[in-house]
Every structure is written in C-alpha cells, then in structure tokens.
Amino acid sequence: MEKLLVNLSRTISHALRHAPWQYELELDDAGWTSLEDLLQALRQHRRQWQPIGLAELERIQAESDKQRFEIKDGRIRAFYGHSVPTKLRKEPAQPPERLYHGTDRQFLTPILRHGLKPMRRQYVHLSSEQETALQVGQRKGEQPVILTVRSGEAHRLGQVFYHGNEMVWLTDMVSPEFIDLPE
Ligand code: HQG
C-alpha cells in the first residue's frame, strides 16, 4: 500500500481507537462516528490530505493486510484496538475452540502468573490464526511466542468473548488456567 494510505490508515486508527477528541469526533457506545466528520477532520489534519474522500478509505479497506475499520450507513468505526476511556459495547459471540495470542518471551512470567490483561486497551486481543498471532508477537520483541488460549472451554464455563473482525477476538481477560505454552 502506498505511503499516503498507510499514514492515513494510522491516523484513522488513532482517531477511532485512542483520541477522537483530538479530531473533534465523538464515538457512540459501539464506537461509531460520522464518516463525513472524520473526512473533514482528516482534510484539516494535513494539507496534502485535502482531496481525500470515501474512495481513499475504500482503497485502504481493499489493500490493507487487516480489516481494521467498518463503514456502514454513513458511519465508520474501528473493529478493535480501542483505548478510549468509555468501554465500548461489543456483541458477545461464540469463539472457536482455540484462539492464539502473540507476545514476547519477556512477558511470559507475568502472563502465566496473572493471566492475559488488556493492559492499555479495553480488551485482550486474540487471533483466530497462529500466523497472525506470530506477526503480533514479532512486533513486541526479539523472541516472539504464540500462546494458545482454550477459548471453547473458557466460554463453556461462562467467559464472554466478542468479535473484533473475522480474525480478531476480544475478551476482558484470560486466566492462566486457559493458556497453553507451545510444546
Ligand atoms: C502483554 C494489533 C504483562 C500482551 C494486533 C501484549 C492486535 C501482558 C501487550 C491488536 C500481560 C499489550 C492488539 C500481563 C498481556 N503482564 N504483559 N499480565 N497481559 N500482556 O498492543 O494484543 O495492527 O495492547 O502480550 O493485530 O499486542 O494495530 O495488544 O504484548 O490485534 O491493527 O501486553 O493490535 O492490530 O499490547 O495487540 P497491545 P496486542 P493493529
């Protein structure tokens, strides 16, 4: 994807996940905001973004490695990743039997002691595929580790999981008893 679109995608993530107020946007309880307001804010943010419109957002959707945003009925939201202070409403869903979490070896001791915590985000992020988890882990340090989460078992015992997008699942925390290390 060309640089302009990568930068645009990062700024949209920042606006919709972390700091909507910096762009004079307000998110509703499920994270939606007006698409037209977002486009206006982006056009003001950088001079070279003045001509951007829906077509550029659609190109980001088509060319990104991940599905990060949802656009519907004149509104847009981030699928996952939020850190805004008000916890967003997500729809509970039945997870697959196993999910994966990529991290770095340096975090294993606290994770195995206290479980997976959302840290600075609203939810713990889990991947439905090991390959995606590996990519996430590689961003955290030199020694990526893929943890397996027995999500089916946790769900049957009452833990709630939420859909991010097709590949990303969210939950409030994962207790160490449901986490398996690689062999
Ligand atoms: C670690 C990307 C110590 C956890 C990805 C992770 C994802 C603990 C870090 C999405 C811990 C938090 C989110 C504990 C968890 N003690 N460390 N008890 N519990 N951790 O960035 O899951 O490309 O907030 O292992 O694809 O890495 O941005 O979460 O290393 O879906 O669209 O604390 O972001 O998507 O890191 O990544 P993050 P994440 P995008």
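Everything below is about the structure printed above this text.
Cut-offs applied
- Residues numbered from 1 in each chain as written.
- Predicted model: local features only at pLDDT ≥ 70, side-chain atom pairs only at ≥ 80, totals over all residues.
- Heavy atoms only, no water.
- Buried < 20%, exposed > 50% of the residue type's maximum accessible area, 1.4 Å probe, protein only.
- Helix = DSSP H or I, 4+ residues; strand = E, 2+ residues; numbered from the N terminus.
- Arc of directions from axis to C-beta.
- Contact = heavy atoms within 4.5 Å.
- Salt bridge = Lys/Arg side-chain N within 4 Å of Asp/Glu carboxyl O.
- Polar contact = N/O pair within 3.5 Å; in protein donor to acceptor, adjacent residues only side chain to side chain.
- Near = heavy atom within 4 Å.
- Areas by Shrake-Rupley, 256 points an atom, 1.4 Å probe, with all protein chains shown as cover.
- Nonpolar A, V, L, I, M, F, W, Y, C, P; charged D, E, K, R; others polar.
- Axes fitted to C-alpha atoms, helices over the stretch in contact; angles between N-to-C directions.
- Parallel < 35°, antiparallel > 145°, perpendicular 65-115°, else oblique.
- Pairing = 2+ DSSP bridges.

### Overview of helix H5 (residues 130-138)
And step 1. Listing the buried residues of H5 in full gives Thr132, Ala133 and Gly137. For H5, the angular spread of buried residues about the axis comes to 140 degrees, placing them on one side.
And step 2. Here the buried face of H5 lies against strand S4 (99-104), strand S5 (124-127) and strand S6 (144-149).

### Overview of the pattern of salt bridges
And step 1. Counted according to the given criterion, the structure contains twelve salt bridges.
And step 2. For Glu97, the salt bridge is made with Arg156, and the minimal N-O distance between the two is 2.9 Å. Residue Glu97 is found in the loop between strand S3 (75-78) and S4, and its partner Arg156 is found in helix H6 (residues 151-156); the two are separated by 59 residues along the sequence.
And step 3. On the basis of relative accessibility, which here comes to 40%, the residue Glu97 falls in the partly exposed class.
And step 4. The salt bridge partner of Glu153 is Arg150, with a shortest N-O separation of 2.8 Å.
And step 5. Look at Glu153 and you get partly exposed, because its relative accessible area is 31%.
And step 6. What you see here is one network of salt bridges that share partners, running through Glu2, Arg59 and Glu63.

### Let's talk about the side chain of Thr33
And step 1. One can find Thr33 in strand S1 (residues 33-34).
And step 2. By relative accessible area, Thr33 is classed as buried at 5%.
And step 3. At 3.0 Å, the side chain of Thr33 and the backbone oxygen of Glu26 are in polar contact.
And step 4. Every residue in contact with Thr33, bar those within four places of it in the chain, is listed here: Leu16, Leu25, Glu26, Leu27, Gly74, Arg75 and Ile76.

### Thoughts on the site of the ligand
And step 1. Not every one of the 18 residues close to the ligand is listed here, only the nearest: Lys66, Arg68, His101, Thr103 and Lys140.
And step 2. One of the side-chain N or O atoms of Thr103 is found 2.7 Å from an oxygen atom in the ligand.
And step 3. Relative to its unbound accessible area of 790 Å², the ligand is 88% covered by the protein chains.
And step 4. Elements supplying a minimum of two residues to the shell around the ligand: S4 and helix H4 (108-114).
And step 5. For the shell around the ligand, the per-class residue count stands at seven nonpolar, four polar and seven charged.

### Details of unusual backbone geometry
Both trends apply: most residues other than glycine have a negative phi, and most peptide bonds are in trans.
And step 1. The residue Asp73 is not glycine, and still its phi comes out positive at about 50 degrees.
And step 2. By the element assignment, Asp73 lies in the loop between strand S2 (69-72) and S3.
And step 3. Residue Asp73 is classed as exposed on the basis of its relative accessible area, which comes to 71%.
And step 4. Positive phi, close to 55 degrees, is recorded for Met119, a residue that is not glycine.
And step 5. Among the secondary structure elements, Met119 is positioned in the loop between H4 and S5.

### Side note on the packing of helix H1 (residues 3-18) against helix H3 (residues 54-63)
Each pair of packed helices gets described by two things: the angle between the helix axes and the distance between those axes.
And step 1. Where H1 contacts H3, the two axes come as close as 10 Å, and the packing angle between them is 95 degrees. When the axis of H1 is compared with that of H3, the two are roughly perpendicular. Across from Leu5, Leu8, Ser9 and Ile12 in H1, the residues of H3 making contact are Glu56, Leu57, Arg59, Ile60 and Glu63.

### A short note on the pairing of S5
And step 1. Side chains of S5 alternate between two faces, with Val124 and Leu126 and His125 and Ser127 buried alike.
And step 2. Inspection of the sheet shows S5 paired to strand S8 (residues 168-171) by four bridges, in the antiparallel sense. Following the sheet pairing, Val124 is matched in S8 by Thr171.

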